[in-house]
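Take a look at the letters that make up each chain.
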Amino acid sequence: MSQDDSYFAARDLSMRFGGIRAVEGVTFDVRKGEVFSIIGPNGAGKTTIFNMISRIYTPSGGSLHFAGQDITRIAPHRIAGLGIARTFQNIELFSHATLLQNLLIGRHAHSHVPILSQLAFLPSVRQAEIDHRRKAEEVIEFLGLQRYRDQLIANLPYGVRKVVELGRALCIEPKLLLLDEPSSGLNVEETEEMGFWIQDIQKDLGITIIMVEHDMKLVSAVSNRVLALNQGRILSMGTSAQVQSDPEVIRAYIGGAPEPAPEKEAAI
Amino acid sequence: MRAERVIDGHASTCLTSTHNERCDGISSTPKGKRAGMDELVRLVQLAINGTAAGCIYGLVALGFVLIYKATEMVNFAQGELMMLGAFFAYTFVGMWGMNYWVGFALAIAATAAFGYALDAVVLRRVIGQPQFAVVMLTLGLAFIFRAVAGAVWGYDSVGFLTPFTNKVADFGGGVILGQDNVSIIVGTVILCAVLYVFFSRTPLGIAMQASSQNQLAAYYMGIPVRTVFSLIWAISAGVSAVAAVLLVPVSMIDVNMGILGFKAFAAAVLGGFGSIPGALVGGIIVGITEQFAGRFLPAGSMELTSNIVLLAVLIVWPQGLFGQVIRKRV
Amino acid sequence: MRAMFRTSYAQDLLLARSPAAWGWYGLLMLVLLAIPHMLGEFYVGEMAGVFVFAIAGVGLMLLIGYTGLVSLGHAAFLGIGAYTNAILLTKGVPFIFSLPAAGLLTALFGVLIGIPTLRMSGLYLAIATLAFGSIVGIVLEKWHGLTGGFDGLAVPTPAIFGYVIEGRTGVYYLSLAILVAVLLLAMNILRSPLGRAMVAIRDSEISAQSMGIHLAFYKTVAFAISAGITGLAGAAYGHYTNYLAPDGFGILLSIQLVTIVFIGGLGSLHGAIFGAIFISMLPQAIALSRDSLPFGLGRLPGLEPSLFGIILVLVIMFEPAGINGRWLKAKRWFGEFPLHRRAAFRRQKSYAKSERLR
């Protein structure tokens, strides 16, 4: 893939925690408008890569680029302004706020009203609030969350919270959406619905998606390309079918043939 | 601590409650070469005084840290537990005339039982509430304990005779220390050794470590976690009782002696709140800094200095000196 | 339950939830304005005290209840505000300037303590603010030339545009005015992006950053606003007591302020008001009931702090949502009568969530 094609790129990315190499020498490109999935067994380093992109961790080596800009070391709160949104594996919603407030917080990156105006709640602030509310309502409608609008997150079921997490990310109006295990904890029906939403987000909203996932059915259904990781290194990259039939990938998930048992010393 | 006396024009805090002319062997007329030697001896005395005071702070801080490591509760009533331990000891040894060592042991047992009951009756019910709520709870308990102690034992200062009161130990070279200070330091060392062996070698101690690191896994292993936590409270209270009794030769017992808890708390924070050795190191740092500040800085600036030092340390090491930086895995 | 029919987004931004609510609050305002004409001087003075604590309560609530930053040294801000106002008045600065100056200077101190503590979390922040509070208290004591030290400082009577604010009635209206202004400010904050950013920081810092919230900036702003409001409370406090002594701004007052926020109900402005009422009335209530307590308990010294402690313990064990929590439950009960579900507010037994990881 040429440099021009690459909307998002990781170059020789690595992350070390003390002696542990969580991610080592990872390089990949994501094209604009595609759904790019990252798969791999537990501990492969998938969420670590996401955490590096959203700047929760600083990479030990390598670089990250988005829309031509080097984002390896920018401040964490600037990621949203660049158009990158993410969901979290274990749901990081604001549990003592309502659903609507969570979505409105998602609009923060688009809020440019000075603090003093907010303290006085000037008409400009009021108008901005109404605009944000309108945008949040669009997301609520897209995801069908109307009946939960004014409820505290702490009172909502898990499946709904996963969807709210997605909605909050959408409120950022991202260009790049990072989905961290969107189907974990969801039943079959909910997973299918999540799949439809991912496709809608790609087609209707034109958002590029990078997804970490374990559910192979979902991966096959929505992904354009897949990257397989194991123990921090790339195993394989290609279409979903290619990667899933790669013998290296199969070995990483299922394990190879067992070693023959060593000769035991004769018992006394 | 108590008994501020003025020697050579400087306020010097002596850790004895006696009215001896000599304060830990400091000569009152230094001159020439002898002045240099005396100055050195004086510095050693300050360091020892500071270490002894620091051991007390450290033991109370240890009580904090034991509870915090296990249950993440901050016990703002730790100083008051120490106060209760002191009053129990006073009742046994001072009022009922028991043998010092028997009374000591009984006081530890009584305070430990009280700590156990406290957890079982009150604190178990607030599991699951935010940390801030528990802080307020223990603050409320501290007020209650003070009032109850005042009602039972009165508001006057009391004390009782120990084997270490008013005695000195001669270490040669002009270094003469009060046996009270030495007993504090030695007692602390012994207690820490006992605790170390307990936590690392005995099954119960290991169960406690397990419960503090991972409650759920401990339950799975068949460890009765809630009982174990109550036992940790018992140990923490017992440690505070030890600190209280060690303190008796040096300071009077009264209802407000729990104020020490704040300094011990600062010591625990300094050391990094989850670290047991950190608590002791923090305590000793606080104790020694106090002594030297009292000696070398203008009178009355001790409290200001200790607060500034505390703030400064936290700014540079927001997790305390030995604290671990814990990050959430998302 | 009353059904609310909304027809525009602007309706959700209004200060009161419904026309009925406007009515009730309006009535309350009228009653409060009329009180000095109805009750005696003593009660008017007591209510002025409630207002002062309510102002400080709102300031602290914004910090603890909404941003999740615990401060155990807020009495320092009360003191800074009180002394700034009083000192400027003694130098002849008109009250119309000394009051906002007190607020602004205190806000600056808020920034001063907010910035170094940005990296500290929970427990350590609480200790750092405790140390800060102590330091300010000691400085107020020692800086004899500025504050008069232990001799104290008499607070001059203020005047606005020639109209002298004197007596208990004057202080009453003054603190009521400041309280209303501060409440409006707080409500504006809570319905704008700033308020949401604060709540986001309280609930999940990592998530907040991913939403574009600059942690350092917003934490500092929260400290500044909280300190500023508390500074205004301090200025009013000075006129309430007429005489400032530095030992009145120590750890005990800080604990009282935190108790106001806590017993009132974390995370609600109503809570700050309820808490202030409660804390102000407690000494009176204890004094009144002293004689009727059994076993001669009323004659014991140290009754007040012990009752204070008992109340704290009972509140946390049985109603951690504070007075506001009870108030909401009661409203709900009356609103749904007779169809109230018993399980509606039952607390779940939950495991202890680790606060080391936020």
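What you are looking at is a predicted structure, and each value in this text was computed from that prediction instead of being measured.

With that out of the way, let us pick up the overall build of chain C. When its secondary structure is counted, chain C shows 15 helices and four strands. Based on the C-alpha atoms only, the size of chain C along its principal axes is roughly 60 × 55 × 50 Å. Expressed as a percentage of its 358 residues, the buried residues of chain C come to 48%.

A word on the interface of chain C and chain B. In this complex, chain C contributes 39 residues to the contact, which on the side of chain B involves 42 residues. Where the side of chain C that touches chain B is concerned, the elements lending two or more residues are α6 (122-142), α12 (251-264) and α14 (303-318) of chain C. The element contributing the most residues to the side of chain C that touches chain B is α6 of chain C, with ten residues. Looking at side-chain class alone, the side of chain C that touches chain B contains 27 nonpolar, seven polar and five charged residues.

Let us look at the domain arrangement of chain A. Residue and element names in this part refer to chain A. What the domain assignment reports for chain A is domain 1 (1-83 + 174-255) and domain 2 (100-172). Relative placement of domain 1 and domain 2: their C-alpha centres are 26 Å apart. Domain 1 puts nine residues into the contact, and the matching count from domain 2 is eight residues. Among the elements of the structure, α2 (79-82) and α7 (188-205) are those that each provide at least two residues to the side of domain 1 that touches domain 2. Grouping the amino acids of the side of domain 1 that touches domain 2 by side-chain chemistry returns six nonpolar, two polar and one charged.

Attention now goes to the pairing of strand β10 (residues 233-238) of chain A. By the bridge criterion, five bridges tie strand β9 (residues 225-230) of chain A to β10 of chain A in an arrangement that is antiparallel. Bridging across to β10 of chain A, leucine 229 of chain A finds its partner in isoleucine 234 of chain A.

With that settled, consider the nonpolar core. Ranked by internal contacts, the top residues of the largest apolar core, which has 279 residues, are Ala89 of chain B together with Ile55 of chain C. Three or more residues apiece are contributed to this core by two domains, here domain 1 (1-83 + 174-255) and domain 2 (100-172) of chain A. Not counting the four nearest positions on each side in its chain, alanine 89 of chain B is found in contact with Gly103, Phe104, Ala107, Ala244, Val245 and Val248 of chain B.

This part covers the packing of helix α11 (residues 302-316) of chain B against α6 of chain C. One can describe the packing of α11 of chain B onto α6 of chain C by two numbers: an axis separation of 9 Å at closest approach and a directional angle of 145°. As α11 of chain B runs across α6 of chain C, the sense of the crossing is left-handed. Residues Glu303, Leu304, Asn307, Ile308, Leu310, Leu311 and Leu314 of chain B of α11 of chain B touch α6 of chain C, and the partners they reach there are Tyr124, Ile127, Ala128, Ala131, Phe132, Ser134, Ile135 and Ile138 of chain C.

Here we come to the packing of helix α9 (residues 260-271) of chain B against helix α10 (residues 276-296) of chain B. All names here are of chain B. For the pair α9 and α10, interaxial distance at closest approach is 7 Å and the crossing angle is 120°. Comparing their axes, α10 and α9 come out oblique. Regarding α9 and α10, the two cross each other, and that crossing is right-handed. Contacts between α9 and α10 involve Lys263, Ala264, Ala266, Ala267, Ala268, Leu270 and Gly271 on the former and, on the latter, Gly278, Ala279, Val281, Gly282, Gly283, Ile285 and Val286. Broken down by class, the residue content of the contact of α9 with α10 amounts to nine nonpolar, four polar and one charged.

Bringing the sheet that holds strand β6 (residues 84-86) of chain A into the picture now. Whether parallel or antiparallel, the strands of a sheet pair through hydrogen bonds between backbone atoms. Residues and elements named next belong to chain A. Strand order in this open sheet of six strands is β6-β7-β8-β3-β9-β10, and the pairing throughout is mixed. At either margin of the open sheet sits one strand with a lone partner, and together these are β6 and β10. Each adjacent strand pair in this sheet contributes to an overall mean axis angle of 15°, direction not counted. Of the strand pairs in this sheet, β6 and strand β7 (residues 176-180) are connected by three bridges, and their pairing is parallel. In the sheet register, arginine 86 faces β7, and the bridge partner there is leucine 178. Taken strand by strand, α7 contacts β3 (35-39), β7 and β8 (208-212), and its axis lies near 155° from that of β8.

A few words now on the pairing of strand β2 (residues 20-31) of chain A. Residue and element names in this part refer to chain A. Two elements, strand β1 (residues 6-17) and β2, share eight bridges in a ladder whose sense is antiparallel. Looking across to β2, one finds that serine 6 is bridged to arginine 31. Joining the antiparallel neighbours β1 and β2 is a turn of two residues, in which glycine 18 adopts a positive phi near 65°.

Rules used in this analysis
- Along each chain, residues carry numbers from 1 onward, in the same order as the chain's sequence is written.
- To label them, take the chains in the order written and letter them from A, then take the ligands in the order written and number them from 1.
- Only residues with pLDDT of 70 or above have their local features reported here, since the model is predicted, and side-chain atom pairs are shown and tallied only from 80 upward, although totals for entire chains, interfaces and linings are computed over all residues.
- Note on conventions: DSSP H or I runs of at least 4 residues are helices, E runs of at least 2 residues are strands, and numbering of each starts at the N terminus.
- We call a residue exposed when 12 or fewer other C-beta atoms sit within 10 Å of its C-beta, buried when the count reaches 20 or more, and partly exposed for counts in between; the C-beta positions come from the backbone.
- Here contacts are defined at the residue level, using C-beta atoms placed from the backbone and a cut-off of 7 Å between them.
- Charged residues are taken to be Asp, Glu, Lys and Arg, nonpolar residues to be Ala, Val, Leu, Ile, Met, Phe, Trp, Tyr, Cys and Pro, and polar residues to be all remaining types, Gly included.
- Where each domain starts and ends follows an automatic or database-derived domain assignment.
- Think of it this way: DSSP has to see at least two bridges between two strands before they count as a pair.
- The term nonpolar core refers to a group of buried residues, namely Ala, Val, Leu, Ile, Met, Phe, Trp, Tyr and Cys, whose C-beta atoms join them within 7 Å.
- Interaxial angles span 0 to 180 degrees and are taken between N-to-C directions of axes, which are lines fitted to C-alpha atoms, for helices over the stretch in contact.
- By convention, the crossing between two helices is left-handed when the near helix turns anticlockwise from the far helix through less than a right angle, and right-handed when the turn is clockwise.
- Orientation labels follow simple angle bins: below 35 degrees gives roughly parallel, above 145 gives roughly antiparallel, 65 to 115 gives roughly perpendicular, and whatever is left gives oblique.

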